[in-house]
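# Close look at the chain arrangement
What follows is the residue order along each chain.
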Amino acid sequence: MAEEDDKIKSASKKIEEENSKVECPRCMKTVSPPLKSVDAGMRLRLGKEGLSDIPSEACSECFSEFDKMVSKGAKLRAEQVAKEKNRHFLWQSRLGVVKQARQLMKQKAYSEAALSYEKYIKILEIVCKVPHGTLSPDHLQGQAQELNLIASVLWDLLKIYDKSSSHAQRAYEAADKLTEFARYSNSYAILIRNAEAELKRARYPEAYKRFLKKTRADRPRCFISTTAFEGQRTETVVLLCLFRDHILRTHPVGKKFIYFYYRYSPRIAKWLDTKPLCKKIIAGSLKRAALALNKRFHLKEL
Ligand SMILES: [Zn+2]
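Tyr117, Tyr120, Ile150, Leu157, Leu158 and Leu178 are the most contacted members of the largest nonpolar core, which has 46 residues in total. Contributions of two or more residues to this core are made by α3 (60-106), α4 (110-127), α5 (144-163), α6 (168-182), α7 (188-201) and α8 (205-215). Counting contributing residues per domain, this core is built from domain 1 (80-134) and domain 2 (142-218), each supplying no fewer than three. Those residues in contact with Tyr117 that lie beyond four places of it in its chain are Val98, Ala101, Arg102, Met105, Val153, Asp156, Leu157 and Ile160. Leu239, Cys241, Phe243 and Ile258 belong to the second-largest nonpolar core, a separate cluster that totals 15 residues.

Next up on the list: the packing of helix α2 (residues 40-48) against α3. At a closest axis distance of 9 Å, the pairing of α2 and α3 adopts a crossing angle of 60 degrees. Overall, the two elements α2 and α3 adopt an arrangement that is oblique. As for how α2 packs across α3, the hand of that crossing is left-handed. Across from Met42, Arg45 and Leu46 in α2, the residues of α3 making contact are Phe63, Phe66, Asp67, Met69 and Val70. Residue classes in the contact of α2 with α3 are distributed as six nonpolar, no polar and two charged.

This next bit is on unusual backbone geometry. Residue Pro34 is bonded to the preceding Pro33 through a cis peptide linkage, with omega at 0 degrees. Examined against the element boundaries, Pro34 turns out to sit in the loop between β2 (30-31) and β3 (36-37). Within the chain, Lys108 stands out as a residue other than glycine whose phi angle is a positive 60 degrees.

The subject of this paragraph is α5. Under the 1.5 Å per step criterion, the end-to-end length of α5 is 29 Å for 20 residues, consistent within 8% with the ideal 28 Å. Most of α5 is tucked away: 14 of the 20 residues are buried.

In this section: the coordination of the zinc ion. The protein atoms that coordinate the zinc ion are Cys24 (SG), Cys27 (SG), Cys59 (SG) and Cys62 (SG), at distances spanning 2.2 to 2.4 Å. Every donor counted, the four donor atoms about the zinc ion form angles of 104 to 114 degrees at the centre, which fits tetrahedral coordination. Mapped onto the polypeptide sequence, the residues donating to the zinc ion form the spacing pattern C-x2-C-x31-C-x2-C. Here Cys59 lies in the loop between β4 (57-58) and α3 and Cys27 lies in the loop between β1 (22-23) and β2, a separation of 32 residues in the sequence. Given a relative accessible area of 30%, Cys27 falls into the partly exposed group. The class for Cys59 is buried, based on a relative accessible area of 5%.

Moving on, we get to α8. Within α8, burial applies to Ala207, Tyr208, Phe211, Leu212 and Thr215. Axial view of α8: buried residues confined to an arc of 130 degrees, hence all on one face.

What follows concerns the domain arrangement of the protein. Domain parsing of the protein yields domain 1 (80-134), domain 2 (142-218) and domain 3 (223-301). If you average the C-alpha positions of domain 2 and of domain 3, the two centres end up 29 Å apart.

Close contact between α7 and α8 brings their axes to 9 Å; oriented N to C, the two are set at 145 degrees. Judged by the sense of rotation from one axis to the other, the crossing of α7 with α8 is left-handed. Touching Tyr188, Leu191, Ile192, Ala195, Glu196, Glu198 and Leu199 of α7 are Pro205, Tyr208, Lys209, Phe211, Leu212 and Thr215, all from α8. The class makeup of the residues in the contact of α7 with α8 is nine nonpolar, one polar and three charged.

Below, the discussion takes up the packing of aromatic side chains. Following the criterion strictly, the structure yields five aromatic pairs and no others. Between Phe243 and Phe297, the aromatic rings sit 5.7 Å apart at their centres with planes inclined by 45 degrees, giving tilted as the arrangement. Taken together, the positions of Phe243 in helix α10 (residues 235-246) and Phe297 in helix α12 (residues 276-297) put the pair 54 residues apart, joining distant regions of the chain. Phe243 gets classed as buried once you look at its relative accessible area, which sits at 16%. Note on Phe297: relative accessible area 26%, which makes it partly exposed. Taking the centre distance of 6.1 Å and the plane angle of 25 degrees together, the rings of Phe257 and Tyr261 count as stacked. Within this pair, Phe257 and its partner Tyr261 are both found in helix α11 (residues 252-272), separated by four residues, close to a single helical turn. Over the aromatic face of Tyr110 sits the side chain of Lys163, whose NZ or CZ is 4.9 Å from the ring centroid. Just above the ring of Phe297 sits the side chain of Arg296; from NZ or CZ to the centre is 4.7 Å.

Reading guide: rules and limits
Residues numbered from 1 in each chain as written. Predicted model: local features only at pLDDT ≥ 70, side-chain atom pairs only at ≥ 80, totals over all residues. Heavy atoms only, no water. Core = buried A, V, L, I, M, F, W, Y, C linked by side-chain atoms within 4.5 Å. Buried < 20%, exposed > 50% of the residue type's maximum accessible area, 1.4 Å probe, protein only. Helix = DSSP H or I, 4+ residues; strand = E, 2+ residues; numbered from the N terminus. Domains from an automatic or database assignment. Contact = heavy atoms within 4.5 Å. Axes fitted to C-alpha atoms, helices over the stretch in contact; angles between N-to-C directions. Parallel < 35°, antiparallel > 145°, perpendicular 65-115°, else oblique. Left-handed = near helix turned anticlockwise from the far one by under 90°. Nonpolar A, V, L, I, M, F, W, Y, C, P; charged D, E, K, R; others polar. Expected span 1.5 Å × (residues − 1). Donors = N, O, S within 2.8 Å, 3.2 Å for Na, K, Ca; no water. Tetrahedral: all angles 85-135°; square planar, octahedral: opposite > 155°, others 65-115°. Arc of directions from axis to C-beta. Phe/Tyr/Trp six-rings, centres within 6.5 Å; stacked < 30°, edge-to-face > 60°. Lys NZ or Arg CZ within 6 Å of the ring centre and 35° of its normal.

This is how it looks when you write it as structure tokens:
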């Protein structure tokens with residue numbers, strides 16, 4: 001009898017257990033209670049991981065899954081923050097690196113200088129998140145000072161590698177990069193002139209030749225004097241030059257204008273070469289503008 005009783009007891013217990021089982025609102029599995037509570041903080045963190053419809057309770061399996069997601073996300077974010085911090089630190093250190101390289105140049109420690117300059121380029125690659133050797137002016141849009149600095153660094157690198165008998169390839173690479181960046185330099189015209197001078201005594205003249213050949217198309221030229229007035233030093237050209245040197249150059253805004261003018265005027269000049277009528281119209285308005293400017297600023301007396 002007692003055996004029978006036990007059987008009944010255990011069967012009813014089983015039924016009871018079965019009846020008291022709950023369904024996990026996430027995976028829909030029926031599990032033994034209790035479900036684990038997913039608190040508001042955890043739901044918020046899961047939301048940040050891109051999860052939606054997060055229940056307020058879940059089975060232990062689902063709960064540990066949530067736990068893993070949250071800690072993995074936190075770890076990833078912490079890594080990202082650390083990387084960002086590192087980038088920021090590198091960015092801050094870059095000017096010091098260039099300064100050091102220039103000092104080494106002065107001491108004629110060329111290979112050490114090259115290392116520092118290469119480090120500077122590497123920093124920019126890391127900050128801009130680009131693979132080695134692929135940094136281009138597009139990555140530093142609007143950062144005129146940095147573009148100017150890169151051009152000067154590449155010029156120094158080209159000269160350093162040109163001194164070494166084992167760095168022909170690097171000299172060519174520096175020359176090619178310089179070609180990309182030189183037009184953003186404040187001293188573009190000087191770079192070209194210097195390259196022409198270096199060409200005569202270079203170990204790898206081909207590197208300078210490549211640079212010169214590629215930049216020939218957009219040598220800075222003043223479209224006013226070279227195009228609108230066919231290269232003649234007319235009164236208009238003289239007045240406009242006086243205006244540039246005595247008025248524009250003394251104001252920060254004017255200086256900016258000159259910078260952009262010399263950056264874009266070669267392209268405008270090229271375009272105007274194909275539009276003779278436009279050229280005539282522009283020459284006429286420049287003449288009137290020059291006379292008006294002369295009246296206002298007494299340019300000839302400056
Ligand atoms: Zn579940």
